[in-house]
Amino acid sequence: MKKVSLDGVSTRLIRRILLRDIAKKAKKMSDAINGNTAVFTGVQPFSAIAVAALILSFTTAEGAYAVGGLLKKNDFLDAKTALYDCVLAFAPYVNDLAIGDKVKLDLSTLPLLSDELDIAKLIADGGVAENITAKQGVSPRQIITSCNSFGEKVSYLVIVSEGIPLPAGFHVESNGTVTTPTGNRCFVNSFGNRRKSFVNLLPKTEYFVYYVLTYGVTTVGVVSAGVSIVTSA
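**Some points on the sheet that holds strand S7 (residues 196–198)**
Item 1. Pairing is antiparallel across the open sheet formed by three strands, whose spatial order is S1-S2-S7. Single-partner strands in this sheet number two, and they are strand S1 (133–136) and S7. Each neighbouring strand pair of the sheet contributes to a mean axis angle of 25°, computed without reference to strand direction.
Item 2. By the bridge criterion, three bridges tie strand S2 (residues 143–146) to S7 in an arrangement that is antiparallel. In the strand pairing of S7, Ile143 is matched with Phe198.

Structure (structure tokens):
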């Protein structure tokens, strides 16, 4: 849970509602908001009839796309966008009405800012990259690494240790500087996304791959467990 000074509807979490759930979520929201004008006063973004029409359009287009394939894709995408935009339109309406009031926010059934994960805290508390992979690249003695996504705006720093695992006493900073007491060769890549490339490595040499999660300029996570790989000849 994320600590916020003033809670409100999260447009980020609305956009992340799964496709299989959006029709159900939209219907629940409409029943809660359109059906309770004593709490949700004033002009609402969409009436219950309008929301129902968008839900029907979406479910119909979804079914047609499943049967008709690419010929029905554009209709489905348009209907999907329209339904998500409808739900998103209720966010500022509810926020302006509630002004942080927890009861009104909960009555809306919409996801809240406080429901968002506090990514920085998770990393600071020891969150690590999962499902780390290391494989041979197309070029000789190239290693390609990757891992699961940890969350939005997370950066991924990768350390490759040559010949031996990282020893106790090593330290990594957010700028990619690695200090190791044994002085073994390490390569660091903090550019781009989760997928990293290391080239011109030694032939037939074991390398140990580690991920470090970072968030912003101050939050640096712990080093993950290592994954080993032996380079090609």
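Next comes the rest of the write-up.
**Here we look at the packing of helix H2 (residues 19–33) against helix H4 (residues 73–98)**
Item 1. Packing of H2 against H4 brings their axes to within 11 Å, and their N-to-C directions diverge by 40°. Put simply, H2 runs oblique to H4. The element H2 and its partner H4 pack so that their crossing is left-handed. Contacts between H2 and H4 pair Leu19, Ile22, Ala23, Ala26, Met29 and Ile33 from the former with Phe76, Lys80, Leu83, Tyr84, Val87, Phe90, Tyr93 and Val94 from the latter.
Item 2. The class makeup of the residues in the contact of H2 with H4 is 13 nonpolar, no polar and one charged.

**Regarding the packing of aromatic side chains**
Item 1. In this structure the tally under the stated criterion is five aromatic pairs.
Item 2. Considering the side-chain rings of Phe187 and Tyr207, the 6.5 Å spacing of their centres and the 50° angle between planes classify their relative orientation as tilted. One end of the pair, Phe187, is in strand S6 (residues 186–189); the other, Tyr207, is in strand S8 (residues 206–215), and 20 residues separate them in sequence.

**Thoughts on the nonpolar core**
Item 1. If you look at the biggest cluster of nonpolar residues, it comprises 28 residues, and the most contacted ones within it are Val9, Ile14, Ile33, Phe90, Val94 and Leu110.
Item 2. Of all elements in the fold, only H2, helix H3 (48–68) and H4 reach the threshold of two or more residues within this core.
Item 3. Here the element with the most residues in this core is H4; it accounts for twelve residues.
Item 4. With residues up to four places along the chain from it excluded, the contact list for Leu110 reads Val9, Ile14, Met29, Ile33, Val87, Phe90, Val94 and Leu105.

**Topic: a positive patch on the surface**
Item 1. On the surface, Arg20, Lys24, Lys25 and Lys28 cluster together into a positively charged patch.
Item 2. If you trace the backbone, Lys28 turns up in helix H2.
Item 3. Judged by its relative accessible area of 51%, Lys28 is exposed.

**Focus on H3**
Residues separated by three or four positions in an α-helix point in the same direction, a consequence of the helix having 3.6 residues per turn.
Item 1. With 21 residues, H3 should reach 30 Å at 1.5 Å per residue; the first-to-last C-alpha distance of 30 Å fits that figure.
Item 2. For H3, the complete set of buried residues consists of Val51, Ile55, Phe58 and Ala61. Down the axis of H3, the buried side of the element spans an arc of 135°, and every buried residue falls inside it. Seen from the buried face of H3, the exposed residues on the opposite side, beyond 90 degrees, are Ile49, Leu56 and Val67.
Item 3. Looking at the buried side of H3, the elements it contacts are H2 and H4.
Item 4. Where H3 ends, the next residue or the one after it, Gly69, has phi of about 65°, a positive value.

**A look at the environment of Tyr65**
Item 1. When you line up the elements, Tyr65 lands in helix H3.
Item 2. Tyr65 sits eleven residues away from Phe76 along the chain, and the two C-alpha atoms are 6.3 Å apart.
Item 3. The contacts of Tyr65, once residues within four sequence positions are left out, are Leu70, Lys72, Lys73 and Phe76.

Calculation criteria
- Residues numbered from 1 in each chain as written.
- Predicted model: local features only at pLDDT ≥ 70, side-chain atom pairs only at ≥ 80, totals over all residues.
- Heavy atoms only, no water.
- Pairing = 2+ DSSP bridges.
- Helix = DSSP H or I, 4+ residues; strand = E, 2+ residues; numbered from the N terminus.
- Axes fitted to C-alpha atoms, helices over the stretch in contact; angles between N-to-C directions.
- Parallel < 35°, antiparallel > 145°, perpendicular 65-115°, else oblique.
- Left-handed = near helix turned anticlockwise from the far one by under 90°.
- Contact = heavy atoms within 4.5 Å.
- Nonpolar A, V, L, I, M, F, W, Y, C, P; charged D, E, K, R; others polar.
- Phe/Tyr/Trp six-rings, centres within 6.5 Å; stacked < 30°, edge-to-face > 60°.
- Core = buried A, V, L, I, M, F, W, Y, C linked by side-chain atoms within 4.5 Å.
- Buried < 20%, exposed > 50% of the residue type's maximum accessible area, 1.4 Å probe, protein only.
- Patch = residues over 30% accessible without salt bridge, like charges linked within 9 Å, V, L, I, M, F, W, Y side chains within 5 Å.
- Areas by Shrake-Rupley, 256 points an atom, 1.4 Å probe, with all protein chains shown as cover.
- Salt bridge = Lys/Arg side-chain N within 4 Å of Asp/Glu carboxyl O.
- Lys, Arg positive; Asp, Glu negative; His and termini not counted.
- Charge placed at Lys NZ, Arg CZ, Asp CG, Glu CD.
- Expected span 1.5 Å × (residues − 1).
- Arc of directions from axis to C-beta.

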